[in-house]
Protein chains: 2
Amino acid sequence: MRSLRYDSDMSRTPLHPTREQIELPMVLDCLSDPIRLAIVYQLAQQEHISSELCCGDFSGLGGKSNLAYHFAKLRECGLMQTRVAGTNRFVRLRREDLDARFPGLLDAVINSAAKDADRLQLLSGCDVVDAQSN
Amino acid sequence: MRSLRYDSDMSRTPLHPTREQIELPMVLDCLSDPIRLAIVYQLAQQEHISSELCCGDFSGLGGKSNLAYHFAKLRECGLMQTRVAGTNRFVRLRREDLDARFPGLLDAVINSAAKDADRLQLLSGCDVVDAQSN
DNA sequence: CCTTATGTTCAACGTTTATTGAACTATTGA
DNA sequence: TCAATAGTTCAATAAACGTTGAACATAAGG
C-alpha cells in the first residue's frame with residue numbers, strides 16, 4: 001500500500017483557481033506579506049525579460065520549506081501560475097487574469113513597492129525607478 | 001491615584017502615522033480584512049457627499065468593540081483619520097496621503113471591490129457601478 | 001543503480017489575529 | 001445630578017499564520 005501522505009500528483013499538477021475564483025481579500029492578504037511581496041516584485045521586474053522564474057531563484061528570500069509555503073499561498077490565491085518541468089518548478093505572475101479581474105491593482109502595488117524598495121528590502125531590479133519624488 | 005489602564009487621553013487624540021510612516025504591507029493587510037475593506041469602501045462611496053462618517057454609521061458591519069478594533073487598525077496603518085467630536089468619532093479616508101504615497105492603489109482597490117460588491121457583501125452605494133463587464 | 005538537486009509535505013512551535021462580552025470613560029441632554 | 005449615548009479598553013478564546021527542520025517525492029546525471 002502506497003503512502004497516503006502524498007495525495008495523487010498534486011505537486012506535479014498544482015491546483016490553481018480559475019480567473020473568476022480569484023478573490024480580492026485573498027490577493028491583498030497575499031501581497032501584504034513581505035516575502036510574498038518580494039517574490040511578486042521580483043517576478044514583475046523580469047517580466048519583460050522572461051515571464052518565468054525558477055523557485056530556486058528566490059532562495060535569497062528564505063529557506064526552501066518556507067518559500068514552498070509562500071509559493072503555495074501565491075498559487076492558491078491566484079497571483080502565480082506554477083509549471084512543473086523536471087525537478088524544477090517555474091512560476092510566473094498571472095498578469096492577464098489579475099488585470100482582467102482587478103484592473104490597475106497589480107501595477108499600483110508593484111509601483112508602490114518600487115518606491116519603497118529599500119525600506120521593503122526588495123532586491124532592486126535593473127532600472128525600475130521612475131524619477132518621481134516621494 | 002488614578003487608574004493606569006487608560007493612558008492619558010489616547011482616545012481623545014488618537015495616534016496617526018505621518019504620511020511617510022505609512023507602510024505598504026500594513027495597508028494591504030488592513031485592506032485584506034472583509035470588514036475593514038467594507039469600511040473603506042463605504043467611506044469611499046460617500047466621499048463626494050461627505051468625506052466623514054461617524055463610527056456608528058458602520059454598526060451594520062459588526063459589534064461595537066469589534067468595530068473599535070478594526071477602526072484602530074485602519075487608523076494605525078494610515079488608512080483613516082479619526083476626529084473626536086463630543087461623544088462621537090468621525091472617520092475619513094486619508095486619500096491625499098495615500099495617493100501621494102501609493103499612487104493609484106486606493107482607487108484600484110476600491111474599483112476592484114466595487115466589481116465584487118455582491119460577493120464581498122458590501123452595501124451597494126448609490127450609483128457606483130460603471131457598466132463594465134467583469 | 002546510486003547520488004545529487006529541486007522542491008514539497010508534515011509536525012511542531014510560538015506569534016498574531018479576529019471576535020466576544022464585560023467594564024470603563026467621556027459627553028450630552030433632561 | 002442622573003440617565004442615556006458613543007465608543008474605547010481589557011481579558012479570554014479559538015483560529016490562522018509564518019517559520020523551522022526532518023522526512024519525503026521526483027527527476028536528472030554520472
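All values derive from a computational prediction rather than experimental measurement.

Conventions we followed
Residues numbered from 1 in each chain as written. Chains lettered and ligands numbered in written order. Predicted model: local features only at pLDDT ≥ 70, side-chain atom pairs only at ≥ 80, totals over all residues. Heavy atoms only, no water. Helix = DSSP H or I, 4+ residues; strand = E, 2+ residues; numbered from the N terminus. Buried < 20%, exposed > 50% of the residue type's maximum accessible area, 1.4 Å probe, protein only. Areas by Shrake-Rupley, 256 points an atom, 1.4 Å probe, with all protein chains shown as cover. Contact = heavy atoms within 4.5 Å. Buried area = accessible area lost by both parts, 1.4 Å probe. Salt bridge = Lys/Arg side-chain N within 4 Å of Asp/Glu carboxyl O. Polar contact = N/O pair within 3.5 Å; in protein donor to acceptor, adjacent residues only side chain to side chain. Axes fitted to C-alpha atoms, helices over the stretch in contact; angles between N-to-C directions. Parallel < 35°, antiparallel > 145°, perpendicular 65-115°, else oblique. Nonpolar A, V, L, I, M, F, W, Y, C, P; charged D, E, K, R; others polar. 1 Å grid on protein atoms, 1.4 Å probe; cavity = no way out; pocket = protein on both sides within 12 Å on 5 of 7 lines; lining within 4 Å. Points joined across faces, edges and corners; volume = space filled by probe spheres on them. Pairing = 2+ DSSP bridges. pLDDT = per-residue confidence, 0-100. Least-squares fit on C-alpha atoms with pLDDT ≥ 70 in both. Phe/Tyr/Trp six-rings, centres within 6.5 Å; stacked < 30°, edge-to-face > 60°.

### Let's talk about the overall build of chain A
For chain A, the helix and strand inventory stands at 5 helices and 3 strands. Starting at the N terminus and ending at the C terminus, chain A contains elements arranged as α-α-β-α-β-β-α-α. Here chain A, with 134 residues, has 42% of them falling under the buried criterion. For chain A, the exposed surface amounts to about 7,500 Å²; the carbon and sulfur share of it is 52%.

### Overview of the interface of chain B and chain A
The interface is formed by 27 residues belonging to chain B together with 27 residues belonging to chain A. Summing both partners gives a buried area of about 2,200 Å² for chain B against chain A, and 54% of it is carried by carbon and sulfur. Here chain B and chain A share 6 salt bridges between them. Taking the shortest distance from any N to any O, the salt bridge between B:Asp116 and A:Arg101 comes out at 2.6 Å. The interface formed by chain B and chain A includes 8 residue pairs in polar contact (both at pLDDT 80 or more).

### Points about the packing of helix H2 (residues 34–45) of chain B against helix H5 (residues 105–115) of chain B
Angle between the axes and distance between the axes: these two values describe a pair of packed helices. Residue and element names in this part refer to chain B. Between H2 and H5, whose axes approach to 10 Å, the crossing angle comes to 100°. Between H2 and H5, the crossing angle belongs to the class labelled roughly perpendicular. Residues Leu37, Val40, Tyr41, Ala44 and Gln45 of H2 form the contact with H5, whose own contacting residues are Leu106, Val109, Ile110, Ala113 and Ala114. Grouping the amino acids of the contact of H2 with H5 by side-chain chemistry returns 9 nonpolar, 1 polar and no charged.

### Description of the packing of H2(B) against helix H3 (residues 64–76) of chain B
Residues and elements named next belong to chain B. Following both chains from N to C, one finds H2 and H3 inclined at 70°, their axes separated by 10 Å at the closest point. Of the possible angle classes, the one that applies to H2 and H3 is roughly perpendicular. Where H2 approaches H3, its residues Ile35, Arg36, Ile39 and Val40 are matched on the opposing element by Asn66, Leu67, Tyr69, His70, Phe71, Lys73 and Leu74. Taken together, the residues of the contact of H2 with H3 break down into 7 nonpolar, 2 polar and 2 charged.

### Details of empty space enclosed by the protein
All names here are of chain B. All chains considered together, the criterion is met by 1 cavity of 30 Å³ or more. Considering only enclosed or pocket space, the largest cavity measures out at about 40 Å³ in volume. For the largest cavity, the full set of lining residues is Val27, Leu31, Leu79, Leu98, Phe102, Leu105 and Leu106. Mapped onto the lining of the largest cavity, the elements with two or more residues apiece are helix H1 (24–31) and H5.

### Digging into the sheet that holds strand E2 (residues 80–85) of chain A
All names here are of chain A. Taken together, 3 strands build an open sheet; the order of strands is E1-E3-E2 and the sheet is antiparallel. Looking at the sheet topology across the chains shown, the edges are occupied by strand E1 (53–54) and E2. Pairing of E1 with strand E3 (residues 88–93) involves 2 bridges; the strand directions are antiparallel. Bridging from a neighbouring strand, Cys54 pairs with Phe90 of E3.

### Here's the deal with the confidence of the model for chain A
All names here are of chain A. Per-residue confidence for chain A gives a mean pLDDT of 87, with 83% of residues at or over 70. Note that residues 1–8 has pLDDT below 50 and, in this model, 1 contact with residues that lie over four places away or in other chains. Contacts of residues 125–134 to residues separated by more than four positions or lying in other chains number 10 contacts, the stretch itself having pLDDT below 50.

### Some remarks on the relation of the copies chain B and chain A
For the pair chain B and chain A, the relating rotation is 180°, the translation along its axis is 0.0 Å, and the fit reaches an RMSD of 0.0 Å. These values place the two chain copies in the arrangement generated by a two-fold rotation axis.

### Brief notes about the packing of aromatic side chains
Residues and elements named next belong to chain B. Evaluation of the coordinates by the stated rule reveals 2 aromatic pairs over all chains. Centroid distance Phe58 to Phe71: 5.5 Å. Interplanar angle 75°. Geometry classified as edge-to-face. Of this pair, Phe58 sits in the loop between strand E1 (53–54) and H3 while Phe71 sits in helix H3, and the two are 13 residues apart along the sequence. According to the relative accessible area criterion, Phe58 is buried, its value standing at 1%.

### Looking at unusual backbone geometry
A positive phi angle, near 55°, is found at A:Gln121, a position not held by glycine. With respect to the secondary-structure elements, A:Gln121 resides in the segment after helix H5 (105–115).

### Points about the pairing of E3(A)
Residue and element names in this part refer to chain A. Both E2 and E3 contribute to a ladder of 6 bridges, which runs antiparallel. When the sheet's bridge partners are listed, Arg83 is paired in E3 with Phe90. As consecutive antiparallel partners, E2 and E3 are separated by 2 residues, and within that stretch Gly86 has a phi angle of approximately 65°, a positive value.

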